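Descriptive structure summary
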Amino acid sequence: MISNYFYHEIIRKNVIGFGTLFNNIYIKHKDSAGNQKSDLLVPIAYGPIQKFLARIEQQPDLAKKQSISLPRLSFEMKGISYDGSRKGSPIQTFKAVNPSDNTKINKVFMPVPYNLSFELNIISKIQDDALQILEQILPFFQPSFAITIDLVESIGEKKDTPIFLNSISMSDNYEGDYGERRYLMYTLSFTAKTNFFGPVVDNTSALIKKVKVDYFSSTDIKNAKREVRYTITPRALNDYNNDNTTSLAEDIDNKVTKFDVNDATALSKDVYIKIGDENMQIKSVDGNTLTVYRGIDNSVVSSHDIGTSIDVLNVLDDALIELDDDFGFNSDVEFFGDFKTYSPTLGQDV
Amino acid sequence: MALNPFFLQGSRSEQDLVQQLINEQLKMYGVEVVYLPRRFVSEKTIIRENVLSKFDESFPIEAYVLSYQGFGGGGDILTKFGIQSKDELRLIISRERYEDYISPFLVDAAGNVKENFKLAIRPKEGDLIYFPLSDTIFEVKFVEHETEFYQLNKLYIYELVCEPFEYEDEIIDTDIDEVDDNFQESGYAVKLTLVGIGQTATAVTSLRSGTVSYITVVNDGYGYKSTPTVAIQAAPSGGINATAVAIMTNRSSSGFSTGYSIDQILITNPGAGYSTPPLVKFIGGSGSGAIATAGISTSNSIGIVTITNPGSKYSIIPTVSFTAAPSGGVTAIGTAVVSAAGTIAQIRITNGGSGYVSVPTITIGNPSGVGTGNFVLNETVTGSASSTTAIVKTWDADTLVLKVNNVTGTFRIGEILVGSATTFTHVGLGSTGRYVISNIERYTDTDVDTFDNFDQNEEIQEAADLILDFSEKNPFGDY
């Protein structure tokens, strides 16, 4: 019944994300005068390991020159549990452009929220080392610290995963007979609130590229007249058809708002143009002289050389917007006084 | 008297006999171990911990292994933190031998325990023992002194209960290679990649006439608190004014308080067009009495020296030589000024020479002294710019990779790293290591370079780079 192989390695990614929080912790040793004598990066590893691998890797020559080098950090996943409090709508989907074919769209249903419990263990020879490590960790968990993990690469869904520090337990076995060494260990329990995604499939339904909203004067739309219609369509922020409508007749710096072009016949008020990487909107046209608003659509205002081509951003470009590109909005307002409504099947007002 | 008075419960001579028999047995059936007393470098007072230790004394002593059936204890176990050895070793050493051959070295002439050893009269917990059969360094967990309970009213042996040492960053520097190299590839290390090849500086000059070719200090003066300005009388109209700097010295060797004197005057620009020797005066510096005279050269001596390539990685002042003047002339002499960045900043002239028929060639010595020598285990290396020191763990002369620990600060890329070992202490060293740091790596940098094969800092980092989006800064470090 459930088929369609997929494996997003969600848990592995969370393990990596969790581990990377603690892989750059240093401790320092100082002499009695307070001068640094030594600093150490605390090694960390995922605790569970195949036993033979540990033996082969860590004691390849069977030499036992020491007991162990300290301090060390180790972490492991301890459990998985469903988190009902974060449940989202099961029929909602995430959509994203297929990374291998940008004419297609992938979709995946809303993920299922799960909590992963992690344990971070600190072992050290002396309390001071452990406290240095601990103190560098605790302030960042208030009580959670969020990391952003790209859980499902094919839809580019980067989810914030809050990691909560739940509890800390310590054991300092310093008592007892001298046959036992002092054993100093801190255990920090964390919960990572992650999400499990299902299979990523092709999106078969088309994209919405136009939105129309009719406003009526009353909620009784059978007897009320419609008054206003807003229509929103995407507006291109880039020049797709490379129309080279005209070019600059002078050098302009990043402050000029009035300049000459070689031929302004195809340009008019309110038209969007692109010069280099900068988008502008024409405020007025006087002969071949344009007055413009610079740096429209969050583009960077910069200077441009004479002869730089000027592209017009118009409906021709709007039609060529590619999936996953940034776009702006064209809005259109119409006023009515009739009783018609729009029929999607006929594509017209009836 | 409660005991039988006709029996001695251990006379001195009987006790000595027993002790000597024990010593003899230990010498016959024992193992020669190396005893390393702990030197306490730093302690935390309130939570009562020894933070830093050093083991730089060593004493061979015979010890009897209590169980030849193998180590006791838990053996090797796999823990959350990797493989840990919980072997236990019980050694018997002679009380008399310890007191005669180890204790005296831990006390000074006045009979007090030497600094940082804490205790000299007995083997102490926390000391290390090198056990040669397994090439392991054990730590003494407990010293049992009442084993073989009061035979003839005396105790003759110590039983040392030992477990393999938990290494952190302790320095083991006994000069016994088998001992010192045990932790050479353990624990944490900073990997420094070194380079040695600097660039030789070049300079050119020109020939001029009527130059100030030398300035002789007639009276070096006294009481200067700062370097005075050397004022040279201006050249006649159409000439070039000469300039020079004073090099100060401390004749009284008691610092600036009593003042400095002038050591020598170095010409920075010999000028041109002088027909008579100009007057030389000293301005400022709060001192007095200095007198100098200038000598001029009327025919073809060198002009100002222009650096065409400042070179790189100079750490010591190189030699500067000019091609010899033809017979009857005087060969110019110069000295180089090395900047903090290791380049040649200026060539100053002590004698401008004379009688040249062609412009002399200037030869500046190689940035020698850098890129030579070797490092040895436990040698202290110092970064010349950062003054950071570290202790050498391993050195690979082929790849110029140096691994160090006990780093006291932050090394800088580009600074010159200087060793401290000499051929006197380390035969076969070649010469003291002196290289430029070109790259500094710790565990999390580009290369997985660990001694223990436990840590995954770097692997985790590499995997995380692919999946973590951290536009904001990671408080735990850099992504």
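No experiment lies behind these values; they were computed from the predicted model shown. (Residues numbered from 1 in each chain as written. Chains lettered and ligands numbered in written order. Predicted model: local features only at pLDDT ≥ 70, side-chain atom pairs only at ≥ 80, totals over all residues. Heavy atoms only, no water.)

Considering the overall build of chain A
Within chain A, the regular secondary structure consists of four helices and 23 strands. The C-alpha atoms of chain A give a radius of gyration of 32 Å, which is well past the 20 Å a tight globule of 350 residues would have. Along the first, second and third principal axes, the C-alpha atoms of chain A reach 95 × 60 × 40 Å. Classification of the 350 residues of chain A by burial places 42% in the buried group. (Helix = DSSP H or I, 4+ residues; strand = E, 2+ residues; numbered from the N terminus. Rg over C-alpha atoms; globule rule 2.2 N^0.38 Å. Buried < 20%, exposed > 50% of the residue type's maximum accessible area, 1.4 Å probe, protein only.)

Re the pairing of strand S17 (residues 272-275) of chain A
Residues and elements named next belong to chain A. Burial along S17 is two-sided: the residues Tyr272 and Lys274 and Ile273 and Ile275 are all buried. In this sheet, strand S18 (residues 278-286) lies alongside S17 in antiparallel orientation, the contact comprising four bridges. Residue pairing in the sheet places Lys274 in a bridge with Asn279 of S18. Between S17 and S18, which follow one another and run antiparallel, lie two residues, and Gly276 among them has a positive phi close to 60°. (Pairing = 2+ DSSP bridges.)

Some remarks on the packing of aromatic side chains
Going through the model one piece at a time under the given rule, you end up with 28 aromatic pairs over all chains. Their ring planes at 35° and their centres at 5.6 Å tell us that Phe59 of chain B and Phe105 of chain B sit as a pair that is tilted. You can see Phe59 of chain B sitting in strand S4 (residues 59-65) and its partner Phe105 of chain B sitting in the loop between helix H2 (95-101) and strand S7 (128-131), a full 46 residues away along the chain. A relative accessible area of 7% means that Phe59 of chain B is categorised as buried. Connected via pairs of aromatic rings, a cluster forms that spans Phe18, Phe22, Tyr46, Phe75, Phe118, Phe141, Phe145 and Phe190 of chain A. Its end group placed over the ring of Phe336 of chain A, Arg226 of chain A keeps NZ or CZ at 3.7 Å from the ring centre. (Phe/Tyr/Trp six-rings, centres within 6.5 Å; stacked < 30°, edge-to-face > 60°. Lys NZ or Arg CZ within 6 Å of the ring centre and 35° of its normal.)

Concerning the confidence of the model for chain B
All names here are of chain B. Per-residue pLDDT for chain B averages 85, and the proportion of residues at 70 or more is 93%. Counted against residues more than four places away or in other chains, residues 443-449, with its pLDDT under 50, gives 25 contacts. For this predicted complex, the interface score ipTM comes out at 0.72, while the overall pTM is 0.71. (pLDDT = per-residue confidence, 0-100. Contact = heavy atoms within 4.5 Å.)

Brief notes about the interface of chain A and chain B
Often, the extent of an interface is quoted as the loss of accessible area upon association of its parts. The partner chain B presents 65 residues to the 72 residues of chain A that form the contact. Of the roughly 6,300 Å² buried at the junction of chain A and chain B (both faces included), carbon and sulfur atoms supply 55%. Per-residue buried area on chain A facing chain B is highest for Lys64, Lys65 and Arg181 of chain A; these three make up 13% of the total on that side. Connecting chain A to chain B are seven salt bridges. One salt bridge connects Arg181 of chain A with Glu163 of chain B, and the closest N-O pair in it is separated by 3.1 Å. Across the chain A-chain B interface, the total number found is 31 residue pairs in polar contact (both at pLDDT 80 or more). Bridging between strand S4 (residues 68-69) of chain A and strand S10 (residues 166-167) of chain B involves two bridges; their strand directions are parallel. Residue pairing in the sheet places Ser69 of chain A in a bridge with Tyr167 of chain B of S10 of chain B. (Buried area = accessible area lost by both parts, 1.4 Å probe. Salt bridge = Lys/Arg side-chain N within 4 Å of Asp/Glu carboxyl O. Polar contact = N/O pair within 3.5 Å; in protein donor to acceptor, adjacent residues only side chain to side chain.)

Quick look at the sheet that holds strand S16 (residues 229-232) of chain B
Residue and element names in this part refer to chain B. Strand order in the open sheet formed by four strands is S15-S20-S19-S16, and the pairing between neighbours is antiparallel. Edge positions in the sheet fall to strand S15 (211-222) and S16, since each has one partner strand and no second. Averaged over all pairs of adjacent strands, the angle between their axes in this sheet comes to 25°, without regard to strand direction. One ladder, built from four bridges, connects S16 with strand S19 (residues 279-283); its direction is antiparallel. When the sheet's bridge partners are listed, Ala231 is paired in S19 with Lys281. (Axes fitted to C-alpha atoms, helices over the stretch in contact; angles between N-to-C directions.)

Here we look at a negative patch on the surface
Residues Glu57 of chain A together with Glu459, Glu462 and Asp465 of chain B make up a contiguous surface patch of negative charge. The element that contributes the greatest number of residues to the negative patch is helix H4 (residues 457-467) of chain B, accounting for three residues. Relative to the helices and strands, Asp465 of chain B resides in helix H4. (Patch = residues over 30% accessible without salt bridge, like charges linked within 9 Å, V, L, I, M, F, W, Y side chains within 5 Å. Areas by Shrake-Rupley, 256 points an atom, 1.4 Å probe, with all protein chains shown as cover. Lys, Arg positive; Asp, Glu negative; His and termini not counted. Charge placed at Lys NZ, Arg CZ, Asp CG, Glu CD.)

Regarding the pattern of salt bridges
If charged atoms from side chains of opposite charge come close, those side chains can pair. Residue and element names in this part refer to chain B. If you walk through the whole model with that rule in mind, you get 34 salt bridges over all chains. Note that Glu88 and Arg90 form a salt bridge whose closest N and O atoms lie 3.2 Å from each other. Since its relative accessible area comes to 36%, Arg90 is described here as partly exposed.

Section: the nonpolar core
General note: in soluble globular proteins, nonpolar side chains tend to be found buried as a group. Within the largest apolar cluster, 60 residues are counted, with the highest numbers of intra-cluster contacts made by Phe22, Leu120 and Phe190 of chain A together with Leu402 and Val404 of chain B. Ile232, Ala290, Ile296 and Phe322 of chain B belong to the second-largest nonpolar core, a separate cluster that totals 36 residues. (Core = buried A, V, L, I, M, F, W, Y, C linked by side-chain atoms within 4.5 Å.)

Re a nonpolar patch on the surface
Residue and element names in this part refer to chain A. A grouping of Ile208, Val211, Val213, Tyr215, Tyr230, Val333 and Phe335 is seen on the molecular surface, where their side chains present a nonpolar patch of about 700 Å² in accessible area. Secondary structure elements with two or more residues in the nonpolar patch: strand S13 (211-216) and strand S21 (327-335). By residue number, the principal contributor to the nonpolar patch is S13, which donates three residues.

Describing the domain arrangement of chain A
Here the domain parsing of chain A yields domain 1 (10-202) and domain 2 (206-349). Here domain 1 of chain A and domain 2 of chain A have C-alpha centroids that lie 49 Å from each other. (Domains from an automatic or database assignment.)

What to know about the sheet that holds strand S11 (residues 171-172) of chain B
Residues and elements named next belong to chain B. Strands sit in the order S2-S3-S11 across an open sheet of three strands; the sheet is mixed. With partners counted over all chains shown, the strands left at the sheet margins are strand S2 (39-44) and S11, one partner each. Here strand S3 (residues 49-55) runs beside S11; their pairing, made up of two bridges, is parallel. Looking at S11, one finds that Lys54 is bridged to Ile171.

Examining the pairing of strand S9 (residues 157-164) of chain B
Residue and element names in this part refer to chain B. The buried count for S9 comes to eight of eight residues, which makes it a mostly enclosed element. Burial of the side chains of S9 extends over both faces: Ile157, Glu159, Val161 and Glu163 are buried on one face and Tyr158, Leu160, Cys162 and Pro164 on the other. Taken together, the six bridges between strand S6 (residues 82-94) and S9 define a ladder with antiparallel strand orientation. Residue pairing across strands places Ile92 opposite Glu159, the latter belonging to S9.

Some remarks on the environment of Phe71 of chain B
With respect to the element layout, Phe71 of chain B can be found in the loop between S4 and strand S5 (72-79). The class for Phe71 of chain B is partly exposed, based on a relative accessible area of 30%. If we skip the residues at most four places from it in the chain, Phe71 of chain B touches Lys64 of chain A together with Asp87, Glu88, Leu89, Phe131, Ser134 and Phe138 of chain B.

A few points about helix H3 (residues 127-137) of chain A
Among the 11 residues of H3 of chain A, eight are classified as buried, and the element is accordingly described as predominantly covered. Within H3 of chain A, burial applies to Gln127, Asp128, Asp129, Ala130, Gln132, Ile133, Leu134 and Ile137 of chain A.

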